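Working through the structure, step by step
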Amino acid sequence: MAGRINDDDVKAVRDAVPIDSVVSEYLQLRNAGGGNLKGLCPFHDEKSPSFQVSPSKGLFHCFGCQEGGDTIAFVMKIDHLSFSETVERLAAKAGITLRYEEGGYNPGHQRGERIRLIEAHKIAAEFYAAQLDSPEAEIGRKFLAERGFDQAAAEHFGVGYSPAGWDHLTRFLRGKGFSDKELIVSGLSQEGRRGPIDRFRGRLMWPIRDVGGEIVGFGARRLREDDNGPKYLNTPETPVYKKSQVLYGVDLAKKEIAKTSRAVVVEGYTDVMACHLAGVTTAIATCGTAFGGEHIKILRRLLMDNGSARVIFTFDGDAAGQKAALRAFEDDQKFAAETYIAIAPDGMDPCELRLAKGDDAVVDLVEPRTPLFEFALRQIVNRYDLDTPAGQAAALNEAAPVVAKLKDLSVRQRVAVKLAGLLGIMEDQFVVRRVSQIAQWQRGKGGPPQPARRQRSYEDVPAPIATAGPALNLRSPAHRTERELLKLALQRPELVSPFFDAYGVDEFTAPPYAAVRKCIQDAGGADGAPADYVDAVLEAAPNDTVRALVRELIVEGILVAKGVDEVYASTQLVMVRLRAVERRIDQLTAALKRLGHTSPEQVAAAQQELFVLQQYRAALQAHGAAAL
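Here's what I pulled together on the structure shown here. (Residues numbered from 1 in each chain as written. Predicted model: local features only at pLDDT ≥ 70, side-chain atom pairs only at ≥ 80, totals over all residues. Heavy atoms only, no water.)

Take the nonpolar core next. Phe-51, Phe-74 and Leu-299 are the most contacted members of the largest nonpolar core, which totals 49 residues. With five residues, the top contributor of residues to this core is helix α12 (residues 293-303). Ala-153, Phe-157, Val-264 and Cys-287 belong to the second-largest nonpolar core, a separate cluster that totals 44 residues. (Core = buried A, V, L, I, M, F, W, Y, C linked by side-chain atoms within 4.5 Å. Buried < 20%, exposed > 50% of the residue type's maximum accessible area, 1.4 Å probe, protein only. Helix = DSSP H or I, 4+ residues; strand = E, 2+ residues; numbered from the N terminus.)

All right, on to the packing of helix α10 (residues 250-260) against α12 then. Contact pair α10 / α12: the axes reach a minimum separation of 8 Å and the direction vectors enclose 40 degrees. With respect to α12, the axis of α10 lies oblique. Contacts between α10 and α12 involve Val-250, Lys-254, Ile-257 and Ala-258 on the former and, on the latter, Ile-298, Leu-299, Leu-302 and Leu-303. Of the residues belonging to the contact of α10 with α12, the class tally is seven nonpolar, no polar and one charged. (Axes fitted to C-alpha atoms, helices over the stretch in contact; angles between N-to-C directions. Parallel < 35°, antiparallel > 145°, perpendicular 65-115°, else oblique. Contact = heavy atoms within 4.5 Å. Nonpolar A, V, L, I, M, F, W, Y, C, P; charged D, E, K, R; others polar.)

Pairing is mixed across the open sheet formed by five strands, whose spatial order is β13-β12-β14-β15-β16. Both edges of this open sheet fall to β13 (283-285) and β16 (370-371), since each of them pairs with a single strand only. Two strands pair when backbone bridges link them, and strand β12 (residues 262-266) and β13 are joined in this way by three bridges, in the parallel orientation. Residue pairing across strands places Val-265 opposite Ile-284, the latter belonging to β13. Packed on one face of the sheet, α10 meets β12 and β13 and runs near 130 degrees to β13. (Pairing = 2+ DSSP bridges.)

Moving on: the environment of Gly-39. Relative to the elements of secondary structure, Gly-39 occurs in strand β2 (residues 36-39). By relative accessible area, Gly-39 is classed as buried at 0%. For Gly-39 and Pro-49, which are 10 residues apart along the polypeptide, the C-alpha to C-alpha distance reads 4.9 Å.

Mapped onto the elements of the fold, Glu-182 is located in helix α9 (residues 180-186). On the accessibility criterion, Glu-182 (18% relative accessible area) is buried. Residue contacts for Glu-182: discarding those within four places in its chain leaves Arg-116, Leu-117 and Gly-177.

To continue, consider the packing of helix α22 (residues 511-522) against helix α24 (residues 544-555). Between α22 and α24, whose axes approach to 10 Å, the crossing angle comes to 85 degrees. The orientation of α22 relative to α24 falls into the category roughly perpendicular. On α24, the residues that touch Pro-512, Tyr-513, Ala-515, Val-516 and Cys-519 of α22 are Val-546, Leu-549, Val-550 and Leu-553. Of the residues that constitute the contact of α22 with α24, the class distribution is nine nonpolar, no polar and no charged.

This part covers the sheet that holds strand β9 (residues 203-209). In spatial order, the strands read β6-β9-β10-β11; together these four strands make up an open sheet with antiparallel pairing. Of all strands in the sheet, those with a lone pairing partner are β6 (160-162) and β11 (232-234), marking the two edges. The sheet shows a mean angle of 35 degrees between the axes of neighbouring strands, direction not considered. Direction of pairing for β9 relative to strand β10 (residues 215-222): antiparallel, over a ladder of seven bridges. Paired with Leu-204 across the strands is Arg-221, a residue of β10. Contacts from helix α5 (residues 113-131) reach β6, β9 and β10 within the one sheet, and its direction differs from that of β10 by about 35 degrees.

Our next topic: the pattern of salt bridges. Scanning all chains against the criterion turns up 29 salt bridges. Put simply, Asp-359 and Arg-354 hold a salt bridge, and the shortest N to O gap is 2.9 Å. Judged by relative accessible area, which is 31%, Asp-359 ranks as partly exposed. On the accessibility criterion, Arg-354 (18% relative accessible area) is buried. Of the charged contacts in the structure, one is a salt bridge between Lys-418 and Glu-374, with a shortest N-O distance of 3.6 Å. In this pair, Lys-418 is assigned in helix α18 (residues 409-423) and Glu-374 in helix α16 (residues 372-381), connecting sequence segments 44 residues apart. The exposure class assigned to Glu-374 is buried, which follows from its relative accessible area of 14%. Ionic contacts of the salt-bridge type, sharing partners, join the residues Arg-89, Arg-114, Asp-210 and Glu-214 into one network. (Salt bridge = Lys/Arg side-chain N within 4 Å of Asp/Glu carboxyl O.)

Scanning the model with the defined rule gives 18 aromatic pairs in all. An angle of 35 degrees between the planes, with centres 4.9 Å apart, marks the rings of Phe-127 and Phe-172 as tilted. Taken as a pair, Phe-127 in helix α5 and Phe-172 in helix α8 (residues 168-175) lie far apart in primary sequence, 45 residues in all. Overall, Phe-127 belongs to the buried group, its relative accessible area being 10%. The interplanar angle of 85 degrees and the centroid separation of 4.9 Å between the aromatic rings of Tyr-248 and Tyr-269 together place this pair among those described as edge-to-face. Taken together, the residues Tyr-248 in the loop between β11 and α10 and Tyr-269 in helix α11 (residues 269-278) connect sequence positions 21 residues apart. For the pair Tyr-248 and Tyr-269, one class covers both residues: buried. (Phe/Tyr/Trp six-rings, centres within 6.5 Å; stacked < 30°, edge-to-face > 60°.)

The next thing to look at is the environment of Leu-169. Summarising the element assignment, Leu-169 is placed in helix α8. Under the relative-accessibility criterion, Leu-169 is labelled buried at 1%. Sequence separation of Leu-169 and Phe-127 is 42 residues, and the distance between their C-alpha atoms is 7.5 Å. If we ignore the near neighbours within four places in the chain, the residues touching Leu-169 are Ala-124, Phe-127, Tyr-128, Leu-188 and Asp-198.

If you want it as structure tokens, here you go:
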């Protein structure tokens, strides 16, 4: 065992390494007044900064979780190191040679596990970088050149090459004093038939650093056709490498992320390189896993969640990229920052875009335009036919539970209103209420809400979006008018002919009334109705439920104080038609809102139909039945 570190040396380390410089490697610090700094605590989740640092005293304290101490205590806790490991790391940073009370200078093989593993990775990175100049690595240099990366770029990102032999790195690290056990635990080597062999062979190598800048793992790209391994092979989970807790490029991007309150999340190592070389120096990427909660914690500490913070995701436009966007949207509420998505033309990633169109195209790509929630919801609703009520209902049923997961009420309502626009539902408060119902159920505050669905008793007729409850609402002016017109068509067909037969089933908003309208149509229509007209309508009914409603409408009195005449019948005809025209105008207005500038031909057609319908509405309002 190594001896205790000399007390004077410990004090020298504390004095030599300012606490604010160490803490700022992990989170953004801002002026808190009185010479203190503040930031979001890295030891517990919080929305407003309660973590404070006093540079003059060399101390930190969190008023939220009560964690506190000096520089050594901070590093011990955040990186899970022992006291001696922490002092050794800080001493190396400050260039201080430590003395030990028992046994003199502490030799390398006696250092703590984490420091040993970090050192092994540092030496491995230097080894790989040197190998990139070898004749064997020509294939790797060609790979980089084809993607627009020269030698300077490779050096900036520390890109290297792992030789194709079985144990080149393993033998090299053994020569540096590392044991076989350390090499296996580090993930740099793996068990072979006759002992440890290199995990990475014949691949292009990217060193992965933690937020403090220390190399904790590698990402390895396949280069040869005879390599049967995965396209990208990453370091396995180790004591120093947790893929859910590392972001590639964060060591290079963290200062700019903190300065600009903006981060760009891309999908791969070459995308990070392309973005940084193009001037987007806030780009980072996950390492072989989906962007998740632990990654968000890292970014939140750097962004400090101020009101102007932005996070831009550049997922591919393919199915996998869309799925990744939906996953990211589910975590969206964990950010106080605004989240956006950027997809390049033709689904190109930033690396491909830089090659095809240059640096400016990459810079332009990541300008915040489409909010992430809007993109995610579009992926859902675009799978449905939104020109039909049934399609709108199905899209709402799938999208509403996603929106309901948003915990912030104001954000949830804002997104629900946007969803209504995407669906083409003009009554956005209906969607807001629907989302609210589901949110209450998800939080255990009520029974599961009934989905918007087709009415089973009238299954042959497309149903409008409806919540649970009776299909008929006689307090609704639209439903009352539709009922009156159907009674006239059944009891006094001569008063509504010949106009009634030109009315479509979809002009009746209540599914039961639409079903009766279809029965009259199937029976031959109201114009010139024969003596057995009513019997024919009853026979055309698809089931007993519709048949009972037809009988009800035949015997129910017509709601007019004075005699039933052509004036009353004309009023009902005009009112039903006028409401149908207004609904179609609303649908077209919503469709134009959805289309935006994406399809000029469809936009032109919708605008033309909208103009004709607006003229027709004006004629109905001015001339009544004469305009039918």
